[in-house]
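Here are the chains, one letter per residue:
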Amino acid sequence: MKFLLSNLKVLALLLLLVSACSKSSSEEPKISQEQLEAVTGLYNLTEYQISPAQDLNSDDVFSENLLDELDCMNASIIIREDLSFSLFEVQLDITFITNQQYSIICRENKTTTGTWDLVNNQIVLSMGAEGSYSLNGTVLTRTEGQNLPGFQRLVFEKQ
């Protein structure tokens, strides 16, 4: 009787082990190879939209795109197949002056790293409250819709 109970325990353990292994090996990955190839790469900042428009370079032309106003403004994101990313960006110092006018100057460069996921055509970066980026072809867009000192939209294009 002891021998039979012992064999039943071993058999049950083997069945549990086999079923656990077969489930994990048959699961499909969340992101297909085709999606990985479409998403991964280097994206450079092409728009940094703000509101209200500012004339930070004193050329008497007000712009809602900080790239038109600040030569030092740049950012890029590298999205890798191993589901990691690196975000390189110039930090901004934004100070209210008066009458919807702001002083905006570039500070130091900052690098943020982490992991990413693709959820409903949104690239979600694991870096706290940084938000998610919609993906449309080779364009990543992060929309916040905030007035200064926040921003309206960031647009990155794949290189």
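Residues numbered from 1 in each chain as written. Predicted model: local features only at pLDDT ≥ 70, side-chain atom pairs only at ≥ 80, totals over all residues. Heavy atoms only, no water.

A. Highlighting the overall build of the chain. Scanning the chain for helices and strands turns up 3 helices and 9 strands. Helices (α) and strands (β) of the chain occur, in sequence order from the N terminus, as α-α-β-β-α-β-β-β-β-β-β-β. Looking at the chain as a whole, 30% of its 159 residues are labelled buried. Excluding contacts between residues fewer than 6 apart, the proportion of contacts in the chain whose partners are at least 24 apart in sequence is 47%. Accessible surface, the chain: about 10000 Å² in total, of which carbon and sulfur atoms supply 53%. (Helix = DSSP H or I, 4+ residues; strand = E, 2+ residues; numbered from the N terminus. Buried < 20%, exposed > 50% of the residue type's maximum accessible area, 1.4 Å probe, protein only. Contact = heavy atoms within 4.5 Å. Areas by Shrake-Rupley, 256 points an atom, 1.4 Å probe, with all protein chains shown as cover.)

B. How the structure looks around the pattern of salt bridges. Inspection of every chain in the model, using the stated rule, returns 4 salt bridges. Between E108 and R107 there is a salt bridge whose closest N-O contact spans 3.2 Å. Residue classification places R107 among the partly exposed positions, given a relative accessible area of 41%. In this structure, the salt-bridge partner of R142 is E144, at a minimum N-O distance of 3.2 Å. Judged by relative accessible area, which is 7%, R142 ranks as buried. (Salt bridge = Lys/Arg side-chain N within 4 Å of Asp/Glu carboxyl O.)

C. Inspection of unusual backbone geometry at higher detail. That bond from S51 to P52 is cis: its omega, 0 degrees, falls within 30 degrees of zero. In this structure, P52 sits in strand β1 (residues 41–54). Between L148 and P149 the backbone carries a cis peptide bond, its omega angle lying at 15 degrees. If you trace the backbone, P149 turns up in the loop between β8 (139–143) and β9 (153–158).

D. Seen up close, the packing of aromatic side chains. Taken as a whole and judged by the stated rule, the model has 3 aromatic pairs. Ring geometry for Y48 against F151: centres 5.8 Å apart, planes inclined by 55 degrees, an arrangement best described as tilted. Of this pair, Y48 sits in strand β1 while F151 sits in the loop between β8 and β9; the two residues are 103 residues apart in sequence, bridging distant segments of the chain. Side by side, Y48 and F151 carry an identical accessibility label, which is buried. (Phe/Tyr/Trp six-rings, centres within 6.5 Å; stacked < 30°, edge-to-face > 60°.)

E. Structural detail: a negative patch on the surface. Taken together, E34, E37, E81 and D82 make up a surface patch of like negative charges. Relative to the helices and strands, E81 resides in the loop between β3 (75–79) and β4 (84–98). (Patch = residues over 30% accessible without salt bridge, like charges linked within 9 Å, V, L, I, M, F, W, Y side chains within 5 Å. Lys, Arg positive; Asp, Glu negative; His and termini not counted. Charge placed at Lys NZ, Arg CZ, Asp CG, Glu CD.)

F. Focus on the state of the cysteines. Inspection of the entire model under this criterion finds 1 disulfide. The disulfide partner of C72 is C106, and the S-S distance across this bridge is 1.9 Å. Judged by the torsion about the S-S bond (80 degrees), the C72/C106 disulfide is right-handed. Note that C72 is positioned in the loop between α3 (66–69) and β3 and C106 in strand β5 (residues 101–119), a separation of 34 residues in sequence. C106 sits in the partly exposed class, given a relative accessible area of 22%. (Disulfide = S-S within 2.5 Å.)

That's the geometry; what it means functionally is another story.
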